[in-house]
Amino acid sequence: MNYTLHILKKIRGHLNPELYLKPIFLLKGNEKHDPLVNNLTDGVIYSLDQVKLVIPVMEQIYLKVADLSFTRSLSFEAQMIDKILNMMYSRDKKELEPIPYFNSGIGYSFPEASINFGYMDEWQVLDILDIAEKEGLFASEYLDRIYLCNNCSGGFLSYREVCPHCASTNASSEDLIHHFPCAFIGPISDFKNEIDNQLNCPKCNKMLRHIGVDYDKPSIIYTCGKCNSKFQDISVRAKCMMCTKDAEVQYLIPRDVKMYRMTKKGETSAQTGYISTSKDIEEFIGTVKLETFKTMIKYEIERLKQTDYNSNIAGIYLKNAGELYSMIGASSQRALLRDLVEIVRRNIRSSDLITFQNVNIVLVSLNEIPTKVADNILKEIINIISRLIKQNFKNFDVDIRYSVHQLNTRLSHELQIQQVTKDFVD
Ligand SMILES: [Zn+2]
Ligand SMILES: [Zn+2]
Ligand SMILES: [Zn+2]
């Protein structure tokens, strides 16, 4: 690794945004041909007198950085996604393109993402970008497919033909000859002699004349130099140059290489700070997945059509949660969310459901009670949560809101769930 790249990795690979977002200019940069250096620096100057020329570029970057808010993410994956979004947003870059790169552990480098990883774990970039796409932060376009080692996920593989019996690469091939007059088939070496180039049939002893007339070469036969077996179909294996595992090619891990384009949601997430992936909050005890919640609301609406019960859906919104999360760090954040779920759980029926819309919004179903009662329950929940946050985080003034909607049998469940969250955004 060259020195420039080494320094660049130290800065861009850092976790502190004060560092990794810094404008970087190359002085007499001649390493621009390296795609990582090229993509992760902000320009080149040829003498120190030119520093003033790049001031507008720096100003532009700092202006964009001022739009960003920095929060602590709940998981490593969310933290990486947040970094990628911030890097791209501050450089006004919409596309994250894979670049074929021999220094990459998977053969392709996604500069803003890959700079955070070492050679051996660069494959994680693919997982992280997959998550970001699932979360709607990126839209993708298929570009290529790569194959990774099924042991270490490395991408530096050496493909070789091997003996299907003993897996040795020491196999040699020769033509198979079919002698028409006597119908004998055998390897060409059986037809050769040590004196001249003439071929003679080992079965009928006739001299072979013209290919296509009295004989032909129907295929190839292999002989293994290790186990001496003869075979016609050779196997292909890929030896991983990172962990040395030699795997049959059908067991390699295929991965799609895509081009990613930042969506509006991605841009917004850069601005607000990306705290968690859906997976990070899906697993809280006492909650259900958002998809399950939606389905249950759909069934409840169907059920309400047959009865004259009243059911409700409510949302709790921690407006400035991002600020709080960035103060307290990931583990306290998890603990806080757990407490929050527990408070809600204690105040609703066991048949009611809780889900996280995202890390700021909790959705709750309150079935078979009047909306007024549901509203009082929520008021009480909000009071307890506010008190909890005040007690635990002394200097933090939490902005917490809620909204309760009576389920309407004439509207779709999707729309009604959206309405709850819309209350908060407006
Ligand atoms: Zn490997
Ligand atoms: Zn063999
Ligand atoms: Zn013959």
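Here goes a summary of the coordinates provided. The structure presented is a predicted model; accordingly, all values stated were derived computationally and were not measured.

Cut-offs used in this document
- Throughout, a residue's number is its position along its own chain's written sequence, starting from 1.
- Throughout, the order in which chains and ligands are written sets their labels, letters from A for the former and numbers from 1 for the latter.
- In view of the model being predicted, local features appear only for residues whose pLDDT reaches at least 70, and side-chain atom pairs are presented and counted only at 80 or more, with totals across whole chains, interfaces and linings using the full set of residues.
- Side-chain calculation: all heavy atoms of the structure are included, whereas hydrogens and water are not.
- For helices the rule is a DSSP run of H or I covering at least 4 residues; for strands it is a run of E covering at least 2, with both sets numbered from the N terminus onward.
- Residues count as neighbours in contact if any of their non-hydrogen atoms are within 4.5 Å of one another.
- Each accessible area is a Shrake-Rupley result for a 1.4 Å probe, and residues are judged covered by the shown protein chains and nothing else.
- Counting rule applied: Lys, Arg positive; Asp, Glu negative; His and chain ends not counted.
- For this purpose, a charge sits on NZ of Lys, CZ of Arg, CG of Asp or CD of Glu.
- For the exposure calls, accessible area comes from a 1.4 Å probe over protein chains only, and a residue counts as buried if that area is under 20% of its type's maximum, exposed if over 50%, partly exposed in between.
- We treat two strands as partners when DSSP finds at least two bridges between them.

1. Some remarks on the overall build of the protein
Point 1. In terms of helices and strands, the protein carries 13 helices and 19 strands.
Point 2. For the protein, the C-alpha atoms occupy an extent of roughly 105 × 75 × 35 Å along the three principal directions.
Point 3. For the protein, the proportion of contacts with a sequence separation of at least 24, taken over those separated by at least 6, is 68%.
Point 4. Element-wise, carbon and sulfur atoms account for 50% of the exposed surface of the protein, whose accessible area totals about 22,500 Å².
Point 5. Within the protein, one finds 51 positive and 53 negative side-chain charges whose respective centroids are separated by 3 Å.

2. A few points about the environment of Leu-74
Point 1. On the secondary structure map, Leu-74 appears in the loop between helix H4 (55-65) and helix H5 (76-90).
Point 2. With a relative accessible area of 4%, Leu-74 lands in the buried category.
Point 3. Between the alpha carbons of Leu-74 and Leu-21 there is a distance of 21 Å; along the sequence they are 53 residues apart.
Point 4. If we skip the residues at most four places from it in the chain, Leu-74 touches Ile-275, Ser-276, Asp-280, Ile-281, Ala-330, Gln-333, Arg-334, Leu-337 and Val-359.

3. A word on the pairing of strand S15 (residues 253-262)
Point 1. Summarising the sheet, strand S3 (residues 95-96) and S15 pair through two bridges and their orientation is antiparallel. Following the sheet pairing, Leu-96 is matched in S15 by Tyr-260.
Point 2. As paired elements, strand S6 (residues 138-148) and S15 share ten bridges and run antiparallel to each other. Looking across to S15, one finds that Ala-139 is bridged to Arg-261.

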